[in-house]
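A look at the structure
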Amino acid sequence: MTGVCCVHGVYRGSCARLGAAVAGIGRGLCGGGQPVDAFVDELDLGEAGFRRSRPKATGRPGYNPADMLKLYLYGYLNRVRSSRRLEAEATRNLELIWLLRGLRPDYKTIADFRRDNRGAFKAVFRAFVVLCRRFDLFGRELLAVDGTRLKAVNNPGRNFSRDKLTRYMAAADERIAGYLAELDAIDRGEDGQGPDRRKALAAKIAHVRKRRQVQAAMLEQLNASGESQISLTDPDARAMVSGQKTVVGYNAQVAVDAKHKLIVEQHVTNAATDMGLLAVTAGAAREALGVERIDAVADMGYYKGEDIEACEANGITPYVARPERGSAVANGRFPKERFAYDPEADAYRCPGGQLLDTRYRSVTNGHVSIQYSSPAACAACTIRARCTGGRWRRINRWENEAVLERMARRLAARPGILDVRRETVEHPFGSIKQWMNQGAFLMRGLEKVRGEFSLTALAYNLRRAITLVGTPGLIQAVTA
Ligand code: SF4
């Protein structure tokens, strides 16, 4: 046994007390070391895509990826994610010393392993999902899909949108104009200040001009690329709304099985909203669970006709509440739900009892919709003020709106399913952000944060599985 003896505080290759302590830990670990050890030993890391760490220039062989993966999994399970802290823990944490058999990789090697193998962590996450499936930990009937915004390594002050840049440049122009006016006043002798003030103003003008030039260059870059934002520290991070705040970060999506709240599928994107992400997330989870059909519930942020339709075509029965959007709702007028579609007549019956049967077809970005109205009925309507601010009301219907109507009927038949969604997804997100203290990424770039989140989700699942079946049960499942 090698390592740093926590009793004597020095490196001892053969410390008897350390050896005894480590042997004791091997019999009853508390930080999840034993299941991590058993799980990683059963993996085919080459197939998962792991590379052996590079040998040292001195000729020392590179670390076995299994040891490095154990180190990371143990760290993520125990709220230790930074490479420097992992390096320190590997020398003083007895459970980790046991797990690594006394190996002491330096922080650079640890950091390089996570960076170089970022694409392989997802395969390890999936391998654990397969294991949980074998152990019957998934109900395989209902998935709750949700996304959360996690902060990136990018200060909000170093993120710029077109609007922000335009605003900053206008403010810079205003400041420069103010300084120039002050200079003119000095030249005319109206301002009693002398050459010192003139010099200070010239310096300020030069400074603001320089900053404005940088902003103009960024705006040009945005216009050329078609992107909506620029982030200077982490170029892939985006400003996105998270509750009442705006964070610069990433959108982490999960599909959680309702039986034991285990994560079945996860991926990270820099899309600012969840719209359009239901079919891809639930579809991958359905495949991972190996079922023909599965129910999936999500909040109204996922309400998008084409995505709901894609779910149905992909073996997923979606349940997404309809959001109340549009100017009529914002102005307190009748929402669309008050208008009943009559398929026989291909027309809407309005709250005033009139049939809106004048149809106008339009196509916007491939989205085909039909507008229903009845100008004559609206002209004579006594409740028009409660319905529209214009001369007549129009109701838009997507050409495949029957998909959404079917979903509304399903939701009406299972009203409790939205509460199940909340309880199911709150558990992983609450645990990840609060208990595991992983509400922000440490790495930069979309591919790297994807690898990081795979480790986070795997650590959550590991912790959950240990709680559900206990350490011996999990080890037995791994080695069976
Ligand atoms: S304004 Fe037109 S659509 Fe609205 S309730 Fe009256 S008749 Fe019906």
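Residues numbered from 1 in each chain as written. Predicted model: local features only at pLDDT ≥ 70, side-chain atom pairs only at ≥ 80, totals over all residues. Heavy atoms only, no water.

In this section: the environment of Ala177. With respect to the helices and strands, the residue Ala177 is situated in helix α9 (residues 162-187). Ala177 sits in the partly exposed class, given a relative accessible area of 44%. Sequence-wise, Ala177 and Ile205 are 28 residues apart; in three dimensions their C-alpha atoms are separated by 9.1 Å. (Helix = DSSP H or I, 4+ residues; strand = E, 2+ residues; numbered from the N terminus. Buried < 20%, exposed > 50% of the residue type's maximum accessible area, 1.4 Å probe, protein only.)

This part takes up helix α11 (residues 278-289). Because an α-helix packs 3.6 residues into every turn, residues spaced three or four apart end up facing the same way. Here α11 spans 16 Å end to end across 12 residues, near enough to the 16 Å set by a 1.5 Å rise per residue. When α11 is considered as a whole, its buried residues turn out to be Leu278, Ala279, Thr281, Ala282, Gly283, Ala285, Arg286 and Leu289. Gly290 sits one or two positions beyond α11 and adopts a positive phi of about 65°. (Expected span 1.5 Å × (residues − 1).)

Turning our attention to the site of the ligand. Close to the ligand lie Phe339, Cys350, Gly352, Gln354, Leu356, Ala377, Cys378, Cys381, Ile383, Arg384, Cys387 and Arg393, which account for all nearby residues. Per-class residue counts for the shell around the ligand are 8 nonpolar, 2 polar and 2 charged. (Near = heavy atom within 4 Å. Nonpolar A, V, L, I, M, F, W, Y, C, P; charged D, E, K, R; others polar.)

Our next topic: the pattern of salt bridges. As enumerated under the stated definition, the model contains 26 salt bridges in all. With a shortest N-O distance of 2.7 Å, Lys70 and Asp37 are connected by a salt bridge. One end of the pair, Lys70, is in helix α4 (residues 65-77); the other, Asp37, is in helix α2 (residues 33-41), with 33 residues separating them in the sequence. Residue class for Lys70 comes out buried when judged on its relative accessible area of 4%. Among the residues examined, Asp37 registers a relative accessible area of 18% and is labelled buried. (Salt bridge = Lys/Arg side-chain N within 4 Å of Asp/Glu carboxyl O.)

Bringing the sheet that holds strand β12 (residues 358-364) into the picture now. With antiparallel pairing, 3 strands are arranged side by side in an open sheet as β12-β13-β14. Strands with a single pairing partner mark the edges of an open sheet, and in this sheet they are β12 and β14 (394-398). Shown here is a sheet whose adjacent strand axes are inclined to one another by a mean of 25°, direction ignored. Strand direction decides the pairing type here: strand β13 (residues 367-373) and β14, joined by 5 bridges, are antiparallel. Counterpart to Ser369 in the pairing with β14 is Trp398. (Pairing = 2+ DSSP bridges. Axes fitted to C-alpha atoms, helices over the stretch in contact; angles between N-to-C directions.)

This brings us to empty space enclosed by the protein. For the structure on display, the rule yields 2 cavities of 30 Å³ or more. Among the residues forming the lining of the largest cavity, the class breakdown is 9 nonpolar, 3 polar and 2 charged. Quantified by volume, the second largest cavity comes out at close to 40 Å³. In terms of lining residues, the second largest cavity is bounded by Arg81, Leu150, Gln438, Ala440, Phe441, Glu452, Phe453 and Thr456. Across the lining of the second largest cavity, the residue classes break down as 4 nonpolar, 2 polar and 2 charged. (1 Å grid on protein atoms, 1.4 Å probe; cavity = no way out; pocket = protein on both sides within 12 Å on 5 of 7 lines; lining within 4 Å. Points joined across faces, edges and corners; volume = space filled by probe spheres on them.)

What follows deals with the packing of aromatic side chains. With the rule as written, the count across this model stands at 11 aromatic pairs. Pairing Tyr341 with Tyr348 gives two aromatic rings, centres 5.1 Å apart and planes at 55°, and the pair type is tilted. Residue class for Tyr348 comes out buried when judged on its relative accessible area of 2%. Here the aromatic cluster, defined as three or more aromatic residues joined through ring pairs, consists of Phe50, Tyr72, Tyr76, Phe113 and Phe121. The ring centre of Tyr107 lies 3.8 Å from the NZ or CZ of Arg84, which sits over that ring. Here the guanidinium or amino end of Arg397 rests over the ring plane of Tyr341, the centre of that ring lying 3.5 Å away. (Phe/Tyr/Trp six-rings, centres within 6.5 Å; stacked < 30°, edge-to-face > 60°. Lys NZ or Arg CZ within 6 Å of the ring centre and 35° of its normal.)

Honestly, that's just the spatial picture; any functional story needs more than this.
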